[in-house]
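Here is what each chain is made of, one letter per residue.
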There are 2 protein chains.
Amino acid sequence: MIPKGVATLLPDGTFHRRSIEKEILSAFSRWGYQEVTPPIFEYLDVFSLGVGEEVLDSAYKFIDRATGRIMVLRPDVTPQIARIASTLLADEPRPLRLCYSANVFRHQEEHAGRERELFQLGGELIGLSDAEADAEMIALSIEILQNLGLKDFRITLGQMAFTRGLLRPFMSSPAFYKKILHYVAKKETSQLERWLKQESVNPKTQKEVLSLLDLFGGEDVLKRAAALTDDPECLKGLERLEAVYAILKSAGHQDNILFDLGEVRGFDYYTGTIFEIFSEGVGSELGGGGRYDHLLEKFGEPSASTGFALYIERIQAAMEKTSSEKLSCSGVDMMIAHFANDAEWAIMLAREVRSLGFRTIRKSFNALPFHGVAHADAVSQQIPKIVLLQEGAGTDALQLMDVSTGQAETLNQNDLMARLQPDETTP
Amino acid sequence: MIPKGVATLLPDGTFHRRSIEKEILSAFSRWGYQEVTPPIFEYLDVFSLGVGEEVLDSAYKFIDRATGRIMVLRPDVTPQIARIASTLLADEPRPLRLCYSANVFRHQEEHAGRERELFQLGGELIGLSDAEADAEMIALSIEILQNLGLKDFRITLGQMAFTRGLLRPFMSSPAFYKKILHYVAKKETSQLERWLKQESVNPKTQKEVLSLLDLFGGEDVLKRAAALTDDPECLKGLERLEAVYAILKSAGHQDNILFDLGEVRGFDYYTGTIFEIFSEGVGSELGGGGRYDHLLEKFGEPSASTGFALYIERIQAAMEKTSSEKLSCSGVDMMIAHFANDAEWAIMLAREVRSLGFRTIRKSFNALPFHGVAHADAVSQQIPKIVLLQEGAGTDALQLMDVSTGQAETLNQNDLMARLQPDETTP
């Protein structure tokens, strides 16, 4: 009945998603990021300034009836933030720290599962070009994941300046270059090797390209990479990566960090330090990001920038893998049950009880006695407590019933409110 | 550069939107509603079970590449919740109280402004057929609006059972019926009159139809309406409306209520009590809802139901009209400035300060002295406080600087943390 790969979250799932969202937005706020809301669709011709072919290919498109122009359901948020920063926020002082909570849309093969509508929370740091800015993206990601209780995650650092530099010999042929990037991204060593031979690439270059796939692991990767080339762009990229790593070490994050210089991510706009986050037992990355120093200029206002995004469903999956307790939003804390004629008292009482934070429903009965029916209702709806009004007695003689035992005690409104003070609230 | 009628919210707007969303979701929770997340697009053939032609006409559609079927970007959430309740939640005990925060999409003429992507927060009460359920929708709407500080709003109550009953003579001709509904909805009395004459409708019926447009005002509307017809469905509808009104009076809401029996709302699925919310100075309704007793059966599980939705942008507009103070998210509370070599101390300090709730950025300087530059940075970014680390001194001799005065005092980390205790936090 519903398309595969789009999300339907029931109460427990939505509650979990909200709690993750709240933690992430709160972390962004503490780090000085302000939330913005980008539109869900954009004109294709404007949006395409910011993203590569592959991303555009995977985007949902339709014709805008009002203008006849092609619209695109955003497949990526970063170009939107870049546009907002370069236009609406062009006059704000830099650096600009912005964050967002937004869903993105990508065509996927059916078998890929729930991945056509993805909830992303991300941040962009606009106007800083230094290693500190790169490190901030990674350190903030780590703080968020740790606050969410995740431990077994690792961050792989890559460097587009190095990787592009190494592949520069191939850039004169875009098709060729794209093919190589594809094999590197997928880490398909044997296919890459076969193909480089078949295309008669010179042996030295073949070796360099293939070694990209081996540049994975700890700190030593940086040294092995430097030994591979004397291209100044490549070496500058490695120096930057070293500086970023030094800052992350200062923050105590070295245990979560690996290097992967064959990492290229799927977005053409990355220019420098990039990273991806992986967690035990979740097949796709939990998030990632990197530096994109030439994206904003496409919207009119050149600026060094970096950013990252987290995929909320995958974080949810990772949390479910590591935690034995299942998050549940339970439901209703209390039912206020009364005879129809006593609605005025009951409504007033419900207002008071809700103001203490109890999730409360009110139920009016047209026949007496109603206590038995109310109890049965509460049982079937798993409501732990009932407050019963006695017919015609106002709020002087209330009964507070524990639904599991069926025991009730009589008390007046003041006593009830005292009893329900916040320290007794169901968390 | 961006399509008209879709939302781009900057930090202040997003902050305001979030605060409204938070209040509404919190009210839903206190009233026992659990949030669910419906998908953003659906198959047209499935979705169209739940909504009328006009709504479908206004929806954005595109072809699903994977299946070749037509997809629709949801123009309305209620049919989605109805589907979820009838399928995924079919086994949950009734009544079911569900709420959502979701954007909906409708084609609109360009001049209609920012109305193609609308943020809705809504609730659905599934499995109750009584007047209490109808009244709950309205009372909850009123509580939400009052909690948000709105005062000058009014709720108009309508009754589809009455209105449809009165128009039953025309139902044999759908085109005719639709035309009448259109004139009634738009309150175009003279055009309706002309057209009824032109179509040679019999004078008694003409009078009844035209009088629909006069059935607007206080409690007396119910009596005037009852005098107009002896159709049992119509009269039953009026009785229900009276019962709903009695409950709302018990809750003290009579001053916010008017009756409008010419109200039809734009959705075909309404069957009983309906309502709309209007506020001084905002052209379109802030929200509305009503009873839809035959919607769930289309998805396999018949159930009496009622619900409502609020339009967050319009509530925001109404709040801006009534409040003189503009909500602002301000920005960053503090900058921690340090020499590059002291990153480890600064990172640790930033962590502590953030944990107290201060929105904090850290800034590393590569040259000494950096105090003047840090101060200038803070001024340009409107950051009220700086904590400066002295080179090589760790956190024993910090300087806390008030940016507006440039005054600084020296203190150690313990003193700083004591100084920053929550009661001093910028709200």
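Residues numbered from 1 in each chain as written. Chains lettered and ligands numbered in written order. Predicted model: local features only at pLDDT ≥ 70, side-chain atom pairs only at ≥ 80, totals over all residues. Heavy atoms only, no water.

1. Quick look at the nonpolar core
In terms of nonpolar packing, the biggest core is built from 230 residues, with Phe41, Leu73 and Ile315 of chain A together with Phe41, Leu73 and Ile315 of chain B touching the most fellow members. Setting aside residues no more than four positions away along its own chain, leucine 73 of chain A makes contact with Ile40, Phe41, Ala59, Tyr60, Phe62 and Phe105 of chain A together with Phe41, Phe62 and Leu73 of chain B. (Core = buried A, V, L, I, M, F, W, Y, C linked by side-chain atoms within 4.5 Å. Buried < 20%, exposed > 50% of the residue type's maximum accessible area, 1.4 Å probe, protein only. Contact = heavy atoms within 4.5 Å.)

2. Description of helix α13 (residues 343-355) of chain A
All names here are of chain A. Taking 1.5 Å per residue as the helical rise, α13 with its 13 residues ought to reach 18 Å, and the 18 Å between its terminal C-alpha atoms agrees with that figure. Taken together, the buried positions of α13 are occupied by Ala343, Ala346, Ile347, Leu349, Ala350, Val353 and Arg354. Summarising the axial view, the buried residues of α13 lie within an arc of 165°, below the 170-degree limit, and thus occupy one face. Seen from the open side of α13, the exposed residues pointing more than 90 degrees away from its buried face are Glu344 and Ser355. (Helix = DSSP H or I, 4+ residues; strand = E, 2+ residues; numbered from the N terminus. Expected span 1.5 Å × (residues − 1). Arc of directions from axis to C-beta.)

3. Let's talk about unusual backbone geometry
In terms of backbone geometry, most residues other than glycine have negative phi values and most peptide bonds are trans. The omega angle of the peptide bond from leucine 368 of chain A to proline 369 of chain A is -15°, so this bond is cis rather than trans. Backbone geometry places lysine 187 of chain B, a non-glycine residue, at a positive phi of 55°. Structurally, lysine 187 of chain B is set in the loop between α7 (174-186) and α8 (189-198). The class for lysine 187 of chain B is partly exposed, based on a relative accessible area of 39%. Even without a glycine there, the phi angle at serine 200 of chain B is positive, about 55°. Residue placement: serine 200 of chain B occurs in the loop between α8 and α9 (203-212). Under the relative-accessibility criterion, serine 200 of chain B is labelled exposed at 61%.

4. Things to note about the side chain of glutamate 143 of chain A
Mapped onto the elements of the fold, glutamate 143 of chain A is located in helix α5 (residues 131-147). Within the structure, glutamate 143 of chain A has its side chain in polar contact with the side chain of arginine 30 of chain A (distance 3.2 Å). In contact with glutamate 143 of chain A, other than residues within four places in its own chain, are Arg30 and Trp31 of chain A together with Arg351 of chain B. (Polar contact = N/O pair within 3.5 Å; in protein donor to acceptor, adjacent residues only side chain to side chain.)

5. Describing the sheet that holds strand β15 (residues 385-389) of chain B
To summarise the sheet geometry, strands pair through backbone hydrogen bonds and adopt either a parallel or an antiparallel arrangement. Residues and elements named next belong to chain B. Pairing in this open sheet of five strands is mixed, and the strands run β14-β13-β15-β16-β17 from one edge to the other. What marks the edges here is a single partner per strand, and that holds for β14 (360-365) and β17 (408-411). Across the sheet, the axes of successive neighbouring strands diverge by a mean angle of 20°, strand direction being ignored. Bridge count between strand β13 (residues 334-339) and β15: four bridges; the pairing is parallel. Residue methionine 335 lies in a different strand from β15, and its bridge partner there is isoleucine 386. Packed onto the sheet, helix α13 (residues 343-355) meets β13, β14, β15 and β16 (398-402) and runs at close to 165° relative to β13. Sheet strands in contact with helix α14 (residues 371-380) are β13, β14, β15 and β16, and its direction is about 160° off that of β15. (Pairing = 2+ DSSP bridges. Axes fitted to C-alpha atoms, helices over the stretch in contact; angles between N-to-C directions.)

6. Focus on the pattern of salt bridges
Residue and element names in this part refer to chain B. Scanning the entire structure with this criterion turns up 46 salt bridges over all chains. Residue aspartate 134 pairs with arginine 240 through a salt bridge whose shortest N-O separation is 2.9 Å. Taken as a pair, aspartate 134 in helix α5 (residues 131-147) and arginine 240 in helix α11 (residues 232-250) lie far apart in primary sequence, 106 residues in all. One salt bridge in this structure joins glutamate 208 and lysine 204, with 2.8 Å as the shortest N-O distance. Here glutamate 208 and its partner lysine 204 are both found in helix α9, four residues apart, which amounts to about one turn of the helix. Relative accessible area serves as the criterion here: at 13%, glutamate 208 is assigned to the buried category. Among the residues examined, lysine 204 registers a relative accessible area of 59% and is labelled exposed. (Salt bridge = Lys/Arg side-chain N within 4 Å of Asp/Glu carboxyl O.)

7. Digging into the side chain of histidine 253 of chain B
Looking at the secondary structure, you find histidine 253 of chain B in the loop between α11 and β9 (257-260). Classification of histidine 253 of chain B as buried rests on a relative accessible area of 6%. When near neighbours in sequence (up to four residues on either side) are disregarded, histidine 253 of chain B contacts Arg351 of chain A together with Ala139, Ile142, Gln146 and Leu248 of chain B.

8. Focus: the sheet that holds strand β13 (residues 334-339) of chain A
Residues and elements named next belong to chain A. Pairing in this open sheet of five strands is mixed, and the strands run β14-β13-β15-β16-β17 from one edge to the other. Edge positions in the sheet fall to β14 (360-365) and β17 (408-411), since each has one partner strand and no second. This sheet shows a mean twist of 20° between the axes of neighbouring strands, independent of strand direction.

9. A word on a negative patch on the surface
Side chains of Asp12 of chain A together with Asp91, Glu92 and Glu301 of chain B sit close together on the surface and give a patch of like negative charge. Mapping glutamate 92 of chain B onto the fold places it in the loop between α4 (78-86) and β5 (96-105). (Patch = residues over 30% accessible without salt bridge, like charges linked within 9 Å, V, L, I, M, F, W, Y side chains within 5 Å. Areas by Shrake-Rupley, 256 points an atom, 1.4 Å probe, with all protein chains shown as cover. Lys, Arg positive; Asp, Glu negative; His and termini not counted. Charge placed at Lys NZ, Arg CZ, Asp CG, Glu CD.)

10. Observations regarding the relation of the copies chain B and chain A
Between chain B and chain A, which share one sequence, the superposing operator has a rotation angle of 180° and an axial displacement of 0.0 Å; the RMSD is 0.1 Å. Such a turn and shift between the copies fits a two-fold axis. Taking C-alpha positions as the reference, the residue of chain B nearest the rotation axis is phenylalanine 62 of chain B, at 2.9 Å. Both copies share a contact surface, since 100% of the interface residues of chain B are interface residues in chain A too. (Least-squares fit on C-alpha atoms with pLDDT ≥ 70 in both.)

11. Considering the confidence of the model for chain A
Residues and elements named next belong to chain A. Scored by pLDDT, chain A comes out at a mean of 91, with 96% of its residues at no less than 70. By mean pLDDT, helix α3 (residues 53-57) is the weakest element of chain A at 85, and strand β12 (residues 305-311) is the strongest at 98. Interface scoring of the predicted complex returns ipTM 0.92; its pTM is 0.93. (pLDDT = per-residue confidence, 0-100.)

12. Notes on the interface of chain B and chain A
With 89 residues of chain B at the interface, the matching set in chain A holds 89 residues. For chain B, the biggest contributors to the area lost against chain A are Met1, Thr37 and Arg354 of chain B; these three give 10% of the whole. One salt bridge in this structure joins glutamate 132 of chain A and arginine 362 of chain B, with 2.6 Å as the shortest N-O distance. Put simply, chain B and chain A have 24 residue pairs in polar contact (both at pLDDT 80 or more) between them. Sort the elements by how many residues they give to the side of chain B that touches chain A and helix α1 (residues 11-30) of chain B lands first, with eight residues. When its residues are assigned to classes, the side of chain B that touches chain A shows 42 nonpolar, 22 polar and 25 charged. (Buried area = accessible area lost by both parts, 1.4 Å probe. Nonpolar A, V, L, I, M, F, W, Y, C, P; charged D, E, K, R; others polar.)

13. Comments concerning α8 of chain B
Residue and element names in this part refer to chain B. For α8, every residue scored as buried is listed here: Leu192, Trp195 and Leu196. Around the axis of α8, the buried residues are gathered within 100° of arc, so they sit on the same side. Projecting away from the buried face of α8 at angles above 90 degrees are the exposed residues Arg194, Lys197 and Gln198. Where α8 is buried, its residues touch α7 and α9. Of the residues trailing α8, serine 200 is marked for its positive phi of about 55°.

14. Considerations on the packing of α5 of chain B against α11 of chain B
When two helices pack together, their arrangement is given by the angle between the helix axes and the distance between those axes. Residue and element names in this part refer to chain B. Where α5 meets α11, the closest approach of the two axes is 9 Å, and the angle between their N-to-C directions is 50°. The angle between α5 and α11 places the two elements in the oblique class. Note that α5 runs across α11; the crossing there is right-handed. Between α5 and α11, the residues in contact are Ala131, Glu132, Asp134, Ala135, Ile138 and Ala139 and Arg240, Ala243, Val244, Ile247 and Leu248, respectively. Residue composition of the contact of α5 with α11, grouped by class: eight nonpolar, no polar and three charged. (Parallel < 35°, antiparallel > 145°, perpendicular 65-115°, else oblique. Left-handed = near helix turned anticlockwise from the far one by under 90°.)

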